[in-house]
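What follows is each chain in one-letter form.
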Amino acid sequence: MKSLLLLSILAALAMAALCYDPFINRRNANTFISPQLRWRAKAQERIRELNKPQYELNREACDDFKLCERYAMMYGYNAAYDRYFRQRRGAK
């Protein structure tokens, strides 16, 4: 019984390894998403880009500036943004 179970598991693994094709050609890759769903996803992405919260905009600004990014790794993005991008009180 053990040998039959072991043999069936081995056969299933061999079949999975030999029959699995991880690469799909371009034509078949997009057939399961309809053009309407693709358009809706693009529209939603544009809306999300326009309506980002302030902390996300601050983080992106900090990510583009290497010194700010390094400071953020130590003290957090809020502290880094405050240090590098916010105008200091009384400064002109």
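What comes next is a walk through the structure. Predicted, not measured: the structure shown is a model, and the values here were computed from it.

It is worth spelling out a nonpolar patch on the surface at this point. Judged by side-chain polarity, Leu5, Ile9 and Leu13 come together as a nonpolar surface patch covering roughly 310 Å² of accessible area. Its place among the elements puts leucine 5 in helix α1 (residues 2-19).

Right, let's get into the pattern of salt bridges. Under the definition given, this model contains five salt bridges. The shortest N-O distance in the salt bridge between glutamate 45 and arginine 48 comes to 3.0 Å. Pair noted here: glutamate 45 and arginine 48 are both in helix α3 (residues 35-50), with a separation of three residues, about one helical turn. Glutamate 60 is paired through a salt bridge with lysine 52; the nearest N and O atoms lie 2.3 Å apart. The class for glutamate 60 is partly exposed, based on a relative accessible area of 29%.

In the contact formed by helix α5 (residues 66-75) and helix α6 (residues 77-84), the axes pass within 7 Å of each other and the chain directions differ by 140°. It follows from the interaxial angle that α5 and α6 lie oblique. Note that α5 runs across α6; the crossing there is right-handed. In this structure, α5 uses Leu67, Cys68, Tyr71, Ala72, Met73 and Tyr75 to contact α6, whose residues at the interface are Tyr77, Ala79, Ala80, Tyr81, Arg83 and Tyr84.

Turning our attention to α6. Spacing of three or four residues puts side chains on the same side of an α-helix, whose turn is 3.6 residues. Turning to α6, its buried residues are Tyr77, Ala80 and Tyr81. Down the axis of α6, the buried side of the element spans an arc of 100°, and every buried residue falls inside it. The elements touched by buried residues of α6 are α4 (54-63) and α5.

Rules used throughout
The written sequence of each chain sets the order in which its residues are numbered from 1. Whole-chain, interface and lining totals are the exception, using all residues; otherwise, since this is a predicted model, local features are given only for residues with pLDDT of at least 70 and side-chain atom pairs are given and counted only at 80 or more. Here the side-chain values reflect all heavy atoms present in the structure, with hydrogen atoms and water set aside. Candidate patch residues must exceed 30% relative accessible area and have no salt bridge, after which like charges are joined if within 9 Å and Val, Leu, Ile, Met, Phe, Trp or Tyr side chains if within 5 Å. Working definition of accessibility: Shrake-Rupley area with a 1.4 Å probe, residue cover restricted to the visible protein chains. A carboxyl oxygen of Asp or Glu within 4 Å of a side-chain nitrogen of Lys or Arg is what we treat as a salt bridge. Secondary structure elements follow DSSP: runs of H or I no shorter than four residues count as helices, runs of E no shorter than two count as strands, and numbering proceeds from the N terminus. Exposed residues in this analysis have more than 50% of their type's maximum accessible area, buried residues have under 20%, and partly exposed residues fall in between, with area computed by a 1.4 Å probe over protein chains only. To get an axis, fit a line to the C-alpha atoms, keeping to the stretch in contact for a helix; angles then go from 0 to 180 degrees between the N-to-C directions. Every angle not falling under 35 degrees, over 145, or within 65 to 115 is termed oblique; those three ranges are roughly parallel, roughly antiparallel and roughly perpendicular. Crossing handedness is read from the near helix: turned anticlockwise from the far helix by less than a right angle, it gives a left-handed crossing, and turned clockwise, a right-handed one. In this analysis, two residues are considered to be in contact whenever any of their non-hydrogen atoms come within 4.5 Å of each other. The reported arc concerns the directions from the helix axis to the C-beta atoms and nothing else.

Everything listed here is a matter of geometry and, on its own, says nothing about what the molecule does.
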